[in-house]
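Here is how the chains run, residue by residue.
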Amino acid sequence: MLALASLLALALTFVSPAAAFIECSVLDYGAVADNTTDLGPALTKAWEQCVIPQVTTTVADNVLLYVPAGNYLLASTVTFNGAANWNLHIAGDIFLPFNPSLTGTMLTFENCQNILLNGPGSIFGNGYRYRPGGDLTLYPSRPRLIRFQDCNDCEITAVTLYDAPQFHVTIIGNNNEAHDMAIIASHIGETDGFDMSGNNNYVHDVSVENGDEVGFFAVSDTIVNVLQCVTVKTPTNGFVAERITCKWTAGCNIGSFGDTNTAVNVQNVVYSDVTISNSDAGIMIKAYPDNIGTVKNITYNNFQMSAAAYPLYISAFWAGNGVDTGKLSISDVTFNTITGTGTPTRPAVLLDCNKATPCENIKFNGVSLTDTKANSFTNACGSGVTGIPAC
Ligand SMILES: *[C@@H]1O[C@H](CO)[C@@H](O)[C@H](O)[C@H]1NC(C)=O
Ligand SMILES: *[C@@H]1O[C@H](CO)[C@@H](O)[C@H](O)[C@H]1NC(C)=O
């Protein structure tokens, strides 16, 4: 009886959504849940012929582009361009093929407004097939998974993403939210969890895991761009990340910003309640020496680290030619309550900044990291850890 009751409760939680809604099932537009028929054309057709004509309200989950339970092959990229107020509801499991000529992003939402992408289904990227044995040179333009490009007020939740061939979720726009979901990848390089830019975006209650330790710290002492957890890209004004778990990743980063004099503007960022374990980096701000602009007012609260290489690291010279142009200003960065362990051969705090525009007002409150080398400060000032010069 008890088992039946809890089964019923479970079933009820998966009945979706309660309000009157219109369901545009891909099965009515050519999809077959046989894991062989390409889901791409059916998604496009159902969206064009059913979703778009029926969107009449500003409520996203009134009109569903629905992928019912079952196994589907997604063999081609799909772009939903210029639409508002609908819901891609994935109840099934979607599998990517291995196809060396497949490139771009599998699901792109472009110029959009108020889109909800939710589960309870999953997308399996089969990324490991593009880089067998973790070979980081193969297929540099292998597919990415999900992109919101110039989208506002969108939400992604309750969908589980496995092993994208390249980046999992990229969101560019304002007031978007990613929450209550997991990303689980293999160790093949450039498989970031969440890459966020724009204003007032919000990521919370997510976990990102890179699944295996092959390559962890393996490539000399440089940080391999393995899998960034929750990352802020430029331009960003206002970003909050809360309750984040990063396992076998390259940590929570701001940057990198790319080379060739990229104009940088990242301000008013807060990360809180983050757990980082077995990581190639903990918290990083990473720039190229050619970058021009500002990184300012960044706060990190309550990080628990274990075995994090470079737990707290700000670098103006993360990559690029190393010439100190001094055109990127990094200031007002605060670390509050950062505890746990680093790695014995690397500093807990490493600040490597520009000569002409030193990192200014870098504050440490309650930073207690063990198992690390001595801290290192170049062209930086602030307070709260031994050895940092006052500004
Ligand atoms: C679906 O096909 C993919 C290969 O395209 C395979 O990796 C996956 O295991 C299949 N899924 C199921 C549930 O059979
Ligand atoms: C710094 O950022 C926080 C979070 O966005 C914001 O509340 C605060 O007003 C900002 N401070 C300044 C001086 O801009």
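Residues numbered from 1 in each chain as written. Chains lettered and ligands numbered in written order. Predicted model: local features only at pLDDT ≥ 70, side-chain atom pairs only at ≥ 80, totals over all residues. Heavy atoms only, no water.

1. Details of the domain arrangement of the protein chain
Domain boundaries in the protein chain define domain 1 (21-191) and domain 2 (213-218 + 225-391). Between domain 1 and domain 2, the C-alpha centre-to-centre distance is 31 Å. (Domains from an automatic or database assignment.)

2. Some points on the confidence of the model for the protein chain
With 91% of its residues at a pLDDT of at least 70, the protein chain reaches an overall mean of 91. Segment residues 7-18 is flagged for pLDDT under 50; beyond a separation of four residues in sequence, or across chains, it makes five contacts in the model. Of the regions scoring below 50 in pLDDT, residues 214-223 engages in 23 contacts with residues more than four places distant in sequence or in other chains. (pLDDT = per-residue confidence, 0-100. Contact = heavy atoms within 4.5 Å.)

3. Here we look at the state of the cysteines
Scanning the model with the defined rule gives five disulfides in all. Across a sulfur-sulfur distance of 2.0 Å, Cys353 and Cys359 are joined as a disulfide pair. Since a negative S-S torsion denotes a left-handed disulfide, the Cys353-Cys359 link at about -95° is left-handed. A single burial state applies to Cys353 and to Cys359, both of which are buried. With a sulfur-sulfur separation of 2.1 Å, Cys381 is cross-linked through a disulfide to Cys391. One quick way to see it: the torsion about the S-S bond of Cys381 and Cys391 is about 100°, and its sign makes the bridge right-handed. On the criterion of sequence distance, the pair formed by Cys381 in strand E26 (residues 380-383) and Cys391 in the segment after E26 is long-range, its members being 10 residues apart. Relative accessible area serves as the criterion here: at 10%, Cys381 is assigned to the buried category. Indicated for the protein chain is the disulfide connectivity 1-2, 3-4, 5-6, 7-8, 9-10, based on numbering the bonded cysteines in sequence order. Left unpaired, Cys154 is separated from the closest cysteine sulfur, that of Cys112, by 3.9 Å. (Disulfide = S-S within 2.5 Å. Buried < 20%, exposed > 50% of the residue type's maximum accessible area, 1.4 Å probe, protein only. Helix = DSSP H or I, 4+ residues; strand = E, 2+ residues; numbered from the N terminus.)

4. Observations concerning the site of ligand 2
What surrounds ligand 2 is the set Asn268, Val270 and Asn297. Here an oxygen atom of ligand 2 and a side-chain polar atom of Asn268 are 3.5 Å apart. Here Asn297 contributes a side-chain N or O atom positioned 2.3 Å from an oxygen atom of ligand 2. Relative to its unbound accessible surface of 360 Å², ligand 2 loses 32% to contact with the protein. (Near = heavy atom within 4 Å. Polar contact = N/O pair within 3.5 Å; in protein donor to acceptor, adjacent residues only side chain to side chain. Areas by Shrake-Rupley, 256 points an atom, 1.4 Å probe, with all protein chains shown as cover.)

5. Points about the site of ligand 1
Taken together, Asn35, Asn71, Leu73, Phe95, Asn126 and Arg129 form the complete shell of residues around ligand 1. Between Arg129 and ligand 1, the recorded distance is 2.9 Å, taken from a side-chain N or O atom to an oxygen atom. Relative to its unbound accessible area of 360 Å², ligand 1 is 55% covered by the protein chains. Broken down by class, the residue content of the shell around ligand 1 amounts to two nonpolar, three polar and one charged. (Nonpolar A, V, L, I, M, F, W, Y, C, P; charged D, E, K, R; others polar.)

6. Describing the nonpolar core
Ranked by size, the top nonpolar core spans 96 residues in total, and within it Leu43, Leu88, Phe109, Val230, Tyr271 and Tyr300 carry the most contacts. Residue assignment places this core across two domains, with domain 1 (21-191) and domain 2 (213-218 + 225-391) each supplying three or more. Look past the residues within four positions of Leu88 in its chain and what remains in contact with it is Leu43, Leu65, Val67, Phe80, Leu107, Phe109, Leu116, Leu117 and Asn118. In terms of nonpolar packing, the next biggest core, distinct from the first, is built from six residues, Ala281, Met284, Tyr310 and Leu350 among them. (Core = buried A, V, L, I, M, F, W, Y, C linked by side-chain atoms within 4.5 Å.)

7. Comments concerning the packing of aromatic side chains
Tallied over the full model, the rule gives 19 aromatic pairs. When the ring of Phe80 is compared with that of Trp86, the centres are 5.1 Å apart and the planes differ by 65°; the resulting orientation is edge-to-face. Judged on exposure class, the residue Phe80 and its partner Trp86 are both buried. Ring geometry for Phe98 and Tyr139: centres 5.7 Å apart, planes at 70°, overall edge-to-face. Placement of Phe98 in the loop between strand E7 (93-95) and strand E8 (105-118) and of Tyr139 in the loop between strand E9 (122-124) and strand E10 (144-152) is noted, with a sequence separation of 41 residues between them. Under the relative-accessibility criterion, Tyr139 is labelled partly exposed at 30%. Members of the aromatic cluster, joined through ring pairs, are Phe239, Tyr271, Tyr300, Phe303, Phe335 and Phe364. Directly above the aromatic system of Trp318 lies the positively charged group of Lys286, at a separation of 4.0 Å from the ring centroid. (Phe/Tyr/Trp six-rings, centres within 6.5 Å; stacked < 30°, edge-to-face > 60°. Lys NZ or Arg CZ within 6 Å of the ring centre and 35° of its normal.)

8. Focus on the pattern of salt bridges
Side-chain pairs of opposite charge can arise where the charged atoms are in close proximity. Enumeration over the complete set of coordinates arrives at three salt bridges. Across the pair Glu190 and Arg131 runs a salt bridge whose closest N-O atoms are separated by 3.4 Å. Placement of Glu190 in the loop between strand E14 (177-184) and strand E15 (194-209) and of Arg131 in the loop between E9 and E10 is noted, with a sequence separation of 59 residues between them. For Glu190, a relative accessible area of 27% puts it in the partly exposed group. According to the relative accessible area criterion, Arg131 is buried, its value standing at 4%. Close ionic contact of Asp205 with Arg243 constitutes a salt bridge, the shortest N to O distance being 2.8 Å. You can see Asp205 sitting in strand E15 and its partner Arg243 sitting in strand E16 (residues 230-247), a full 38 residues away along the chain. For Asp205, a relative accessible area of 26% translates into the label partly exposed. Salt bridges sharing common partners tie together Arg131, Arg142 and Glu190. (Salt bridge = Lys/Arg side-chain N within 4 Å of Asp/Glu carboxyl O.)

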